Amino acid sequence: MSAPSAPGAPSAPGAPSAPGGPGTPGTPTLERPTAPGYRARRTLPLRVEAVRQLKRRRTLVMGGIMALLPIVLVIAFAVAGGSPGSRNGDVTLMDTATGSATNFAATCLFVSAGFLLVIPVALFCGDTVASEASWSSLRYLLAAPVPRARLLWSKMAVALGMSAAAMVLLPLVALAVGAVAYGWGPLEIPTGGTLPAGTAARRLIVVVAYIFVSQLVTAGLAFWLSTKTDAPLGAVGGAVGLTIVGNVLDAVTALGDWRDFLPAHWQFAWADAIQPQPEWGGMIQGSAISVAYALVLFALAFRGFARKDVVS
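The structure contained in this document is the topic of the report that follows.

Parameters and conventions
- Residues numbered from 1 in each chain as written.
- Predicted model: local features only at pLDDT ≥ 70, side-chain atom pairs only at ≥ 80, totals over all residues.
- Heavy atoms only, no water.
- Helix = DSSP H or I, 4+ residues; strand = E, 2+ residues; numbered from the N terminus.
- Buried < 20%, exposed > 50% of the residue type's maximum accessible area, 1.4 Å probe, protein only.
- Contact = heavy atoms within 4.5 Å.
- Areas by Shrake-Rupley, 256 points an atom, 1.4 Å probe, with all protein chains shown as cover.
- Core = buried A, V, L, I, M, F, W, Y, C linked by side-chain atoms within 4.5 Å.
- Axes fitted to C-alpha atoms, helices over the stretch in contact; angles between N-to-C directions.
- Left-handed = near helix turned anticlockwise from the far one by under 90°.
- Phe/Tyr/Trp six-rings, centres within 6.5 Å; stacked < 30°, edge-to-face > 60°.
- Lys NZ or Arg CZ within 6 Å of the ring centre and 35° of its normal.
- Salt bridge = Lys/Arg side-chain N within 4 Å of Asp/Glu carboxyl O.

## Things to note about the overall build of the chain
Okay, step 1: Within the chain, the regular secondary structure consists of 11 helices and two strands.
Okay, step 2: The N-to-C order of helical and strand elements in the chain reads α-α-α-α-α-α-α-β-β-α-α-α-α.
Okay, step 3: Taken across its 312 residues, the chain has 41% of its residues classed as buried.
Okay, step 4: Within the chain, contacts between residues separated by at least 24 positions form 77% of all contacts whose residues are at least 6 apart in sequence.
Okay, step 5: Entry remark: accessible area of the chain is about 16,600 Å², with carbon and sulfur atoms responsible for 67%.

Have a look at this one:
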């Protein structure tokens, strides 16, 4: 029998720590080994994730749809005689669509902001995590090892970046197509007056930025659903469906002031930015509501995924 160690003497290599030592009392102190040079923040770089997503067919299809919409509208206006015509006696952006390239770009944003631009946001944000689960590759990414928070940050950043790119692509193509079809000129305001072409182009940048911010609610909802299901179509369809429900509720005038808390209520507040004297109050309130909802939904996504038992 070996003699007991003297008080204060170091224990033998590999021996469990004594009660009162470091670690949990009465249990061995275990150190998790890590590979030399491993850095959690360097796993799944944004460049790698962006290239993976850009090569997917749905990205190419969505980019093609955004680029083709202005061409389809030009053809439609040409078939209709070049002027869409007013409706119910009200003058809207549709009535001035063929006035110049800036008018045409504003019209493209007007007809697509309510629904079409929702689809790329829901697609890119709702498909990103759920598709990995449906391919049974999510657990292999986490075993790489990619920390869960790092994986979500990378996928969320790339999804938001691609959503923003889709929103920028539409007005850029519209300006190019409109310049060829209708010429470059000032923006004719439906209610009267004009904006110089340079000023109108700068205002359109603000409009696109606001539309992106207003769609953060859809992005957060789709991303949260993507972490809850293995079916990408379920996450994308759920986000689009709930966005449509919000638009329907906003049309219910009986809700009164409660509609002010619906993100859909402020989706066309950007129209105030293309006035001779722009009004920013509606855009500020709409941005605040959208960002608040989005932060809650993104936080729920990170919290739920951190505790999720990933088996696919």
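So much for the structure itself; the text now carries on.
## Thoughts on the environment of Ala 209
Okay, step 1: In this fold, Ala 209 is placed in helix 8 (residues 197-214).
Okay, step 2: Taking the C-alpha atoms as reference, Ala 209 lies 8.8 Å from Met 167; in sequence the two are 42 residues apart.

## Quick notes on the nonpolar core
Here is a general trend for soluble globular proteins: nonpolar side chains tend to be buried in one another's company.
Okay, step 1: Grouped together as the largest cluster of nonpolar side chains are 74 residues, with contacts concentrated most on Phe 104, Leu 109, Leu 151, Ile 211, Phe 223, Trp 270 and Phe 305.
Okay, step 2: Not counting residues within four places of it along the chain, the set of residues in contact with Phe 223 comprises Cys 125, Thr 128, Val 129, Leu 152, Lys 155, Met 156, Phe 298, Ala 301 and Phe 302.

## Section: the packing of helix 7 (residues 148-182) against helix 8
Okay, step 1: Where helix 7 meets helix 8, the axes come as close as 10 Å, and the angle between the chain directions of the two elements is 145 degrees. In the crossing of helix 7 with helix 8, the sense of the turn from one axis to the other is right-handed. Together, Leu 160, Ser 163, Ala 164, Met 167, Val 168, Pro 171 and Leu 175 of helix 7 and Leu 204, Val 208, Ile 211 and Phe 212 of helix 8 make up the contact between the two elements.

## Considerations on the packing of aromatic side chains
Okay, step 1: Using the criterion set out here, one finds eight aromatic pairs in the structure.
Okay, step 2: Centroid distance Trp 258 to Phe 261: 6.1 Å. Interplanar angle 45 degrees. Geometry classified as tilted. In this pair, the class of Trp 258 matches that of Phe 261, namely exposed.
Okay, step 3: Here the aromatic rings of Phe 268 and Trp 270 are separated by 6.4 Å at their centres, their planes lie at 50 degrees, and the arrangement is tilted.
Okay, step 4: Phe 268 gets classed as partly exposed once you look at its relative accessible area, which sits at 33%.
Okay, step 5: Overall, the relative accessible area of 1% leaves Trp 270 in the buried class.
Okay, step 6: In this arrangement the basic side chain of Arg 148 is found over the ring face of Phe 305, its NZ or CZ atom lying 5.6 Å from the centre.

## Comments concerning the pattern of salt bridges
Okay, step 1: For the coordinates displayed, the defined rule picks out six salt bridges.
Okay, step 2: A salt bridge links Asp 127 to Arg 58, with the shortest nitrogen-to-oxygen separation between them at 3.1 Å. With a gap of 69 residues between them, Asp 127 in helix 4 (residues 118-127) and Arg 58 in helix 2 (residues 57-79) connect regions that are remote in the sequence. The pair formed by Asp 127 and Arg 58 is uniform in burial state, with each residue classed as buried.
Okay, step 3: Connected through salt bridges with shared partners, the residues Glu 49, Arg 52, Glu 132 and Lys 155 form a single ionic network.

Keep in mind these values describe shape, not function.
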